[in-house]
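Okay, here's what each chain looks like letter by letter:
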Amino acid sequence: MAIDKGHRFGIDFDDAFTQGLVMVGEVSPDNEYQSREDRAANRPVRQRVDEVTGKRQWKVMVTDPAETRAKRASFEITLLADVQPVPTTSEALPGMRPIELDGLTAEPRVAGQGEFKYQSYVFRATGFKQAASKPSRSGGSGETAKAA
């Protein structure tokens, strides 16, 4: 049985990103290319629409802390939703927040050039989900543990 090119495989967030993801910046519309002539003629900017789901495309830059290669650690993820998705977590540093994605899919692709090609993935999600609370290091009382 053959799998069609462009097939999107559903994948659990924790399986794809074992150490989670860090969102860098904000969610923005994924707009179609607008030529200089289009801008000069004041044509409206059009947001891309996913051909499979019919939903608007939004993009967000993320960093995967588990990736050891610096060039592959940061990449864009496409969010598919009628309205702009809003992250459910607060910023850890200015412009950076840990996130978890809902409705995650992975589409295999070949990346690189010439003899330096490698397997990569295009990730898409339907939005953000509430990040699971991680157990605290101090034992749960909210206070810092002191050595005896």
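This text follows the structure it describes.
Since this is a predicted model, take the numbers as computed values, not measurements. (Residues numbered from 1 in each chain as written. Predicted model: local features only at pLDDT ≥ 70, side-chain atom pairs only at ≥ 80, totals over all residues. Heavy atoms only, no water.)

> Hey, could you go over the environment of Val-122 for me, with residue numbers and the actual values?
Mapping Val-122 onto the fold places it in strand β7 (residues 118-125). Relative accessible area serves as the criterion here: at 22%, Val-122 is assigned to the partly exposed category. For the pair Val-122 and Pro-108, spaced 14 residues apart in sequence, the C-alpha to C-alpha distance is 6.5 Å. In this view, Val-122 contacts Thr-105, Ala-106, Glu-107 and Arg-109; residues no more than four positions away in its chain are not counted. (Helix = DSSP H or I, 4+ residues; strand = E, 2+ residues; numbered from the N terminus. Buried < 20%, exposed > 50% of the residue type's maximum accessible area, 1.4 Å probe, protein only. Contact = heavy atoms within 4.5 Å.)

> Can you break down the side chain of Thr-105 residue by residue, with the values?
In this fold, Thr-105 is placed in strand β6 (residues 105-111). Once residues lying within four places of it in the same chain are set aside, the contact partners of Thr-105 are Arg-8, Phe-9, Gly-10, Ile-11, Val-122, Phe-123 and Arg-124.

> Provide a residue-level description of the pairing of strand β2 (residues 21-29), including the pertinent values.
Across four bridges, β2 lies against strand β5 (residues 96-102) in antiparallel orientation. Counted as the bridge partner of Leu-21 is Ile-99 from β5. Bridge count for β2 against strand β3 (residues 57-63) is five bridges, and the pairing is antiparallel. Across the sheet, residue Met-23 finds its bridge partner in β3, namely Val-62. (Pairing = 2+ DSSP bridges.)

> A description of the pattern of salt bridges should follow, citing residues and the corresponding values.
What the rule picks out here adds up to nine salt bridges. As a salt-bridge pair, Glu-32 and Arg-46 come within 3.2 Å of each other at their nearest N and O atoms. With Glu-32 in the loop between β2 and α2 (36-40) and Arg-46 in the loop between α2 and β3, the pair connects residues that are 14 residues apart, well separated along the chain. Residue classification places Glu-32 among the partly exposed positions, given a relative accessible area of 31%. A single network of salt bridges, built from pairs that share partners, joins Glu-107, Arg-109 and Arg-124. (Salt bridge = Lys/Arg side-chain N within 4 Å of Asp/Glu carboxyl O.)

> Before we move on, can you summarise a nonpolar patch on the surface with the specific residues and values?
There is a patch of nonpolar side chains on the surface, built from Val-24, Met-61, Leu-93 and Met-96 and spanning about 300 Å² of accessible area. Examined against the element boundaries, Val-24 turns out to sit in strand β2. Its relative accessible area of 32% is what places Val-24 among the partly exposed residues. (Patch = residues over 30% accessible without salt bridge, like charges linked within 9 Å, V, L, I, M, F, W, Y side chains within 5 Å. Areas by Shrake-Rupley, 256 points an atom, 1.4 Å probe, with all protein chains shown as cover.)

Interpretation note: all reported values are geometric properties and have no functional meaning in isolation.
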